[in-house]
Amino acid sequence: MKLRVLGCSGGVGNELKTTSLLVDDDILIDAGSGVGELTLDEMRKIRHVFLTHSHLDHFSFLPLLVDSIFPSIRDALVVHGQPVTLKALQTHVFNWTIWPDFAKLPTEDKPVMRYQELTPGDTFELDGRKLEMIGVNHIVPGVGYRMECDTGAFAFSGDTTTNDNLWNVLNGYDRLDLLLVEAAFANADIDLSKRSGHYTADLLAADLKKLRHKPDIYITHNKPGHETVIMSECRQAISDRKVAAAETGLVFTL
Ligand SMILES: [Zn+2]
Ligand SMILES: [Zn+2]
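Every chain is numbered independently, its residues counted from 1 as its sequence is written. Starting at A for chains and at 1 for ligands, labels are handed out in the order in which the entities are written. Residues qualify for local features only when their pLDDT is at least 70, as the model is predicted, and side-chain atom pairs are given and counted only at 80 or more; totals for whole chains, interfaces and linings, by contrast, use all residues. Values shown for side chains rest on all heavy atoms present in the structure; no hydrogens or waters enter the calculation.

What follows deals with the nonpolar core. The term nonpolar core refers to a set of buried residues drawn from Ala, Val, Leu, Ile, Met, Phe, Trp, Tyr and Cys, joined through side-chain atoms within 4.5 Å. A 1.4 Å probe rolled over the protein chains alone gives each residue an accessible area, and that area as a share of the maximum for its type sets the label: buried under 20%, exposed over 50%, partly exposed in between. Formed by 27 residues in total, the largest nonpolar core has its most connected members in Leu 28, Leu 62, Leu 77 and Met 113. A run of DSSP states H or I qualifies as a helix once it reaches four residues; a run of E qualifies as a strand once it reaches two. Both are numbered from the N-terminal end. Where this core is concerned, the elements lending two or more residues are helix H2 (62–69), strand E5 (77–81), helix H3 (83–92) and strand E6 (113–117). At four residues, H2 tops the list of elements feeding residues into this core. Contact definition: two residues touch when any of their heavy atoms are within 4.5 Å. Setting aside chain neighbours within four positions, we find Met 113 in contact with Val 66, Ala 76, Leu 77, Val 79, Phe 94, Phe 102 and Ala 103.

Protein coordination of the zinc ion (ligand 2) is provided by Asp 57 (OD), His 58 (NE2), Asp 159 (OD) and His 221 (NE2), with donor distances spanning 2.1 Å. Taken together, the four donor atoms surrounding the zinc ion (ligand 2) define angles of 91 to 168° at the centre, an arrangement classified as irregular. Of note, the zinc ion (ligand 2) draws all its donor residues from one chain, in the sequence arrangement D-H-x100-D-x61-H. Metal-coordinating donors are taken as N, O and S atoms lying within 2.8 Å of the metal, or within 3.2 Å when the metal is Na, K or Ca; because water is left out, some sites can appear incomplete. A separation of 3.5 Å is found between the zinc ion (ligand 2) and the zinc ion (ligand 1), which share Asp 159 as a coordinating residue. Taken together, the residues Asp 57 in the loop between strand E4 (48–50) and H2 and His 221 in the loop between strand E12 (216–220) and helix H7 (227–237) connect sequence positions 164 residues apart. You'll find Asp 57 and His 221 in the same group, each marked buried. Geometry assignment treats four donors as tetrahedral when all angles are between 85 and 135 degrees, treats four as square planar and six as octahedral when opposite donors are over 155 degrees apart and all others between 65 and 115, and treats everything else as irregular.

Okay, structure coming up:
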C-alpha cells in the first residue's frame, strides 16, 4: 500500500496545501487543495473519497475534482462520510447554487458521483485494503481513519483535540506502522485550540501516552507561519517517539 501526502497544512500559501492523502492510485482521504497536485489522469483514477468532516479545508477541491473528470469516468466516484458530513455537502455545496448536484449528473441513473454513509466503527474493504472510520473530537462531528493491508497499517487523525476513542480503537489492533496526526496550534494558543477542537503539541503529547504502539509519527495541520514553533514544541514534548513534519510530496510504502 502506498500513501502519498498531497496536502497537510492548516492553510495555503506557496507550497502549502490543505488536507488530502492519496492511497495507492484510487483512494483519497479528504480532498482539500492538495488535490491540485494530481494530474488529470491521476484524478480520473480516483474511485473513493473518504471525508473526515465537513470543514472547507478538507473538501474544497472535491467539487472541482468532480467537475474536472466529468463526464469522462465509467463508474461513479464514491464519496464516503458520516451522514452529517454528507448532508452538509449536499445542502451547502452541491446544491445548484454553489455548485451543480453531481450526484444527479449527467443523469440520475448514472451520476458521476454518489454518496455512501459510514458511521464511526464501520469498516470497509477495498481490494485487500481494510479501513475503519474512527470517531474523534472536533468542533463539528469528525473522524479519523485507520487503514491496513497485509504488509502494514497507518492511521490519520483528521482534525481533533483531546479524546480517548482514537487511541482506544488503535490500541485494539495488533499493528500500527505510521501515524499522521494533527497539531494545529502552538502551546501558547491553548485556548484557541480548545475552542476550535485542535491539538497543541502539549495536548497531543499527553494523548500519545494512551497509544501502546510505536509508529513513525508525522505531524499535520500546522497553522501556516507557525510550523517552526509547533514542530519544535512537538519534538520537545514527544521526545520518546520518532516525530517529523508531514509535507506535500512525502510518499510512504506500507
Ligand atoms: Zn476542521
Ligand atoms: Zn482542518
